[in-house]
Structure formats: structure tokens, C-alpha cells
Amino acid sequence: MTAVLVAHAGKNGGTREIAEVISEELRALGHHVDTRDAADVADVTPYSAVVVGSALYYSRWRPSAVRLLHTHAGALLKRHVWLFHSGPCGPGAPLAHVSLPANVALLAARIDAERTTTFGGRLDPATAHGLLARLMARGPRAGDFRDWDLIRKWARDIGRRVTTEVRL
């Protein structure tokens, strides 16, 4: 059994829900999975693989996810690491690919992370915080644009690729 950490960072729960589905798929493949808020991750060394996901806000990752990658960069380099972000909303969002913010791209290269995946996001008018988010939630960007089949497929691919050996 491989120990996997799935860490998430967001404001309104949409990225956490993606992390929970990823975790379910990994468990179904026989892996031991811990799902945690990125801000609550103190140590990555017990895990052979790590998945880190962040909501995108104004083309930026949440600070707790960036901090996790930065703080644990040395240990992450010795593990299999996958990154995802969620956030594009509106027509075409499920097909969008958003590049990593520059600071995260540098960290991803430093830890030799797998290619980052973009998932559509969720913009709920009832939970939108901030003036811009509330304005966007009134228009065509409002709704749930997460492709659960794609998320599950991505998680199963990770589950098949994960091994019990930590890269040395």
C-alpha cells in the first residue's frame, strides 16, 4: 500500500471537493490517502506521493499551497508529485489549460513535479467573496464547471503510476 498525501488550498470549498474525489479514486486503487488543507501540512516525509491542488484567484495560487511547495521542496524532490489547479469558469472552462503562475512554475521545476492539470472551477453566487467575484457570479461565469469524469480519470492515472518506492 502506498501512502499518498492530497493537499488542497481554496476559499469556498470547490478545490477541497476535487481533492476529496481524487482521494476516493486513489483509495479505490488500494492506496492509503490523507486529504488535508495545505495550511495544515507539517510534514510530507511519510508519503511516497503528493498531490497538491490550489484554487486560482486572479491567476494566482493560494498562499498556503505555495508555502507547502516552498517549505517542503527538498522532501518533495524525493517523491512523486502531481499538481492541479481549479478555477476557470464559464463556457469552455472544462477545456481550458491555465499555465502555472511564475512563482509556482519555478517551484514545480525545482521539485520535478509532473505536468500541472487544470480543472474547471465553481463560482457560486451564494458563496462568492469580494466585489469582483460577486460581479462575475452574476454573469455567464457562474456555475459549476468541474468535469468529474476527467478528475476521476486523472486520479486513476496517478494511482496506477504511484509506486511504493520513494525516488532517491
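This text gives an overview of the structure that appears in the document. Since the model is a prediction, treat every value here as computed from it, not as a measurement.

Before going further, it helps to spend a moment on the packing of aromatic side chains. Counted by the stated rule, this structure contains three aromatic pairs. Taking the centre distance of 5.6 Å and the plane angle of 55° together, the rings of Phe 84 and Phe 119 count as tilted. With a gap of 35 residues between them, Phe 84 in strand S5 (residues 80–86) and Phe 119 in strand S6 (residues 117–119) connect regions that are remote in the sequence. Neither residue differs from the other here; Phe 84 and Phe 119 are each classed as buried. On the numbers, 5.5 Å between centres and 80° between planes, the contact of Phe 119 with Trp 154 is edge-to-face. Note that Phe 119 is positioned in strand S6 and Trp 154 in helix H6 (residues 148–161), a separation of 35 residues in sequence. The exposure class of Trp 154 is buried, given its relative accessible area of 13%. A network of ring pairs unites the aromatic residues Phe 84, Phe 119 and Trp 154 as a single cluster. Between Lys 11 and the ring centre of Tyr 57, over which it is positioned, the NZ or CZ distance is 4.8 Å.

For the rest of this paragraph, the subject is the layout of surface pockets. Looking at the second largest pocket, its volume works out to about 290 Å³. Along the walls of the second largest pocket sit 16 residues, with Arg 115, Thr 117, Thr 118, Leu 150 and Trp 154 positioned nearest its centre. At the level of elements, S6 and H6 are the ones that each hand at least two residues to the lining of the second largest pocket. No other element matches H6, which puts six residues into the lining of the second largest pocket.

This part takes up the pairing of strand S1 (residues 3–9). For S1, the buried fraction is high: seven of the seven residues fall into the buried class. A two-sided burial pattern is seen for S1, the buried positions comprising Ala 3, Leu 5, Ala 7 and Ala 9 on one face and Val 4, Val 6 and His 8 on the other. Here S1 runs beside strand S2 (residues 32–37); their pairing, made up of six bridges, is parallel. Directly across from Val 6, in S2, lies its bridge partner Thr 35.

This part is about unusual backbone geometry. Here the phi dihedral of Ser 59 falls at roughly 65°; this positive angle occurs in a residue that is not glycine. Within the secondary structure, Ser 59 sits in the loop between strand S3 (49–57) and strand S4 (60–61). You can call Ser 59 exposed: its relative accessible area is 56%.

Opposite charge on two side chains permits them to pair, given that their charged atoms come into close proximity. Per the stated rule, a full pass over the model turns up nine salt bridges. We note a salt bridge from Arg 146 to Asp 144, for which the minimum N-O separation is 2.6 Å. Residue Asp 144 is classed as partly exposed on the basis of its relative accessible area of 41%. Ionic contacts of the salt-bridge type, sharing partners, join the residues Glu 17, Arg 122, Asp 144 and Arg 146 into one network.

What counts as what
Residues numbered from 1 in each chain as written. Predicted model: local features only at pLDDT ≥ 70, side-chain atom pairs only at ≥ 80, totals over all residues. Heavy atoms only, no water. Phe/Tyr/Trp six-rings, centres within 6.5 Å; stacked < 30°, edge-to-face > 60°. Helix = DSSP H or I, 4+ residues; strand = E, 2+ residues; numbered from the N terminus. Buried < 20%, exposed > 50% of the residue type's maximum accessible area, 1.4 Å probe, protein only. Lys NZ or Arg CZ within 6 Å of the ring centre and 35° of its normal. 1 Å grid on protein atoms, 1.4 Å probe; cavity = no way out; pocket = protein on both sides within 12 Å on 5 of 7 lines; lining within 4 Å. Points joined across faces, edges and corners; volume = space filled by probe spheres on them. Pairing = 2+ DSSP bridges. Salt bridge = Lys/Arg side-chain N within 4 Å of Asp/Glu carboxyl O.

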